[in-house]
Amino acid sequence: MTRDDDQVNRNRFATIAVGAAENTPRFNHGSTNDVVAPIHLSSTFEWSGRDTTNEHEYSRESNPTRAALEKQVARLEGGEHGLALASGMAAISTTMLSLVPPGGHLVSSDSIYGGTEKLLTKLVAGHLGIDVEFVDAREPENIATAVDSDTDLIWAETPTNPLMRLCDIRSIADIANDHGVPFGVDNTFASPYFQAPLELGADIVVHSTTKYLNGHSDSIGGAVITDDDEIFEKLAFSQRIGLGNVLSPFDCYLVARGIKTLPARMKHHQENTMAVARLLKGHDRITRVHYPGLESHPQHDLAAEQMSGYSGMLSFEFDGSLTEIEAFVEGLTVFTPGTSLGGVESLVEVPSLMNPDQVNNESATTDIPETLVRLSVGIEDSDDLCEDLRSALP
């Protein structure tokens, strides 16, 4: 496994999550000794003179609250540098547009978030003329076949949204290293608590902080983490100057606050999701459950090897019509119909009903079954969640 399972190591991660946003011993922020990093709303900072270098001058380029969060997310992922951006898509687009020139070559896993797919097909390929090659990344050999001397970036998402597929991060990282190509991983579904792509050899990690890092469904944001100085300089220029995709101070505060409870929340998310997955697996109207924590998942062994847990997302295929699925959703009282994920509350999404473009798209890189249901399992009582599903299923 990526992280040792002993209690000492797990406590170290939790300690980082609680205290990593604080700058100095005893949480000393300036002269006020704040225990919590303050929210700095100022757009500009007083010039100290020609002989003094200001740490912060203008908040788009640098802000104390954002700097604290960026340090926090970098430490959580074991990276040297972190950047906080205006959304998860801002983090992804900043990474791709900074590292892949017009007319360049990008290799991506074919099972990815619908927004990322649209970015790659419509803007990156359609507008910038970049050669985007989609491959089934469950087999590293497919990545190896697609990468050549002209490749500028390898991109993967693991586990994937919404099919919960995995890619072998270490194997793909070895391929990327052999070709001198940067390798980026969207780690949103796993969170840094359950998966550490940089430790497995990836060069870049991206998160939608909207999801597990914030954890409370009240902030939109994104983050990029890397331990490569050259990559960081390119990304930081795009974030602060080229694209200006910075996260607001108040949102930085919300994400930093959410991260403090990340370990406790992720443990609860996983426990509940395992209980829900086992319930669904035994139901006669469910044909397939997609959850890496189940031994029946075709990539369970890989998940057990490169993850220290299986997180709180699952999907399942329903044996019935869309009308029956809609009745099932309407019968739920604890799960709320919604298209986001990673919050403390449980959500249910039916892509074919709530996001039909993702399912009925002829150019989609991966077929999503019409009867697929995705669950973001929250931290409510697991018995209540299971009873809610049991009561609503026909």
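Preceding this paragraph is the structure being described.
Bear in mind the structure is a predicted one, so any value in this text is a computation, not a measurement.

1. A short note on the overall build of the protein
Then, number 1: Helix and strand counts for the protein come out as 15 helices and 12 strands.
Then, number 2: Taken over the C-alpha trace, the protein has a radius of gyration of 21 Å; the compact-globule value for 394 residues is 21 Å, and the two agree within 12%.
Then, number 3: Taken along the three principal axes of its C-alpha coordinates, the protein extends 75 × 50 × 40 Å.
Then, number 4: A fraction of 72% describes how many contacts in the protein between residues 6 or more apart in sequence connect residues 24 or more apart.

2. Overview of the sheet that holds strand E11 (residues 347–349)
Then, number 1: Across the sheet, 5 strands lie side by side as E8-E9-E12-E11-E10; this open sheet has mixed pairing. Each having just a single partner strand, strand E8 (286–290) and strand E10 (336–337) make up the two edges of the open sheet.
Then, number 2: As judged from the 2 bridges shared by E10 and E11, these two strands associate in the parallel manner. Bridging across to E11, Thr336 finds its partner in Leu347.
Then, number 3: Against the sheet, helix H10 (residues 262–281) makes contact with E8, strand E9 (313–318) and strand E12 (372–376), and its axis sits at roughly 10° relative to E9, the strand it touches most.

3. So, a nonpolar patch on the surface
Then, number 1: Side chains of Ile39, Leu41 and Phe250 sit close together on the surface and give an oily, nonpolar patch of about 300 Å² of accessible area.
Then, number 2: Since its relative accessible area comes to 65%, Leu41 is described here as exposed.

4. Some thoughts on the packing of aromatic side chains
Then, number 1: For the structure shown, the criterion picks out 5 aromatic pairs.
Then, number 2: Their ring planes at 65° and their centres at 5.3 Å tell us that Phe13 and Tyr193 sit as a pair that is edge-to-face. With Phe13 in helix H1 (residues 7–19) and Tyr193 in helix H7 (residues 191–194), this residue pair connects regions lying 180 residues apart in the sequence. This pair shows no difference in class: Phe13 is buried, exactly as Tyr193 is.
Then, number 3: Consider the rings of Tyr291 and Tyr310, whose centres lie 6.4 Å apart with planes at 70°: the pair is edge-to-face. Placement of the pair is Tyr291 in the loop between E8 and helix H11 (300–306) and Tyr310 in the loop between H11 and E9, with a sequence separation of 19 residues.

5. Comments concerning the pairing of strand E4 (residues 151–157)
Then, number 1: In terms of burial, E4 is largely enclosed, as 6 of its 7 residues are buried.
Then, number 2: Here 4 bridges tie E4 to strand E5 (residues 183–186), and the two strands are oriented parallel to one another. Within E5, the position partnered with Ile154 by the bridge is Phe183.
Then, number 3: With helix H6 (residues 169–179) bridging E4 and the parallel E5, this β-α-β connection has right-handed handedness.

6. Remarks on the environment of Ser98
Then, number 1: Structurally, the position occupied by Ser98 is in helix H3 (residues 88–99).
Then, number 2: For the pair Ser98 and Gly78, spaced 20 residues apart in sequence, the C-alpha separation works out to 22 Å.
Then, number 3: With near-sequence residues (within four places) excluded, Ser98 lies in contact with Lys234, Leu235 and Ser238.
Then, number 4: A polar side-chain atom of Ser98 sits 2.6 Å from a polar atom in the side chain of Ser238.

Cut-offs applied
- Residues numbered from 1 in each chain as written.
- Predicted model: local features only at pLDDT ≥ 70, side-chain atom pairs only at ≥ 80, totals over all residues.
- Heavy atoms only, no water.
- Helix = DSSP H or I, 4+ residues; strand = E, 2+ residues; numbered from the N terminus.
- Rg over C-alpha atoms; globule rule 2.2 N^0.38 Å.
- Contact = heavy atoms within 4.5 Å.
- Pairing = 2+ DSSP bridges.
- Axes fitted to C-alpha atoms, helices over the stretch in contact; angles between N-to-C directions.
- Patch = residues over 30% accessible without salt bridge, like charges linked within 9 Å, V, L, I, M, F, W, Y side chains within 5 Å.
- Areas by Shrake-Rupley, 256 points an atom, 1.4 Å probe, with all protein chains shown as cover.
- Salt bridge = Lys/Arg side-chain N within 4 Å of Asp/Glu carboxyl O.
- Buried < 20%, exposed > 50% of the residue type's maximum accessible area, 1.4 Å probe, protein only.
- Phe/Tyr/Trp six-rings, centres within 6.5 Å; stacked < 30°, edge-to-face > 60°.
- Right-handed = clockwise from strand over helix to strand, strands pointing away.
- Polar contact = N/O pair within 3.5 Å; in protein donor to acceptor, adjacent residues only side chain to side chain.

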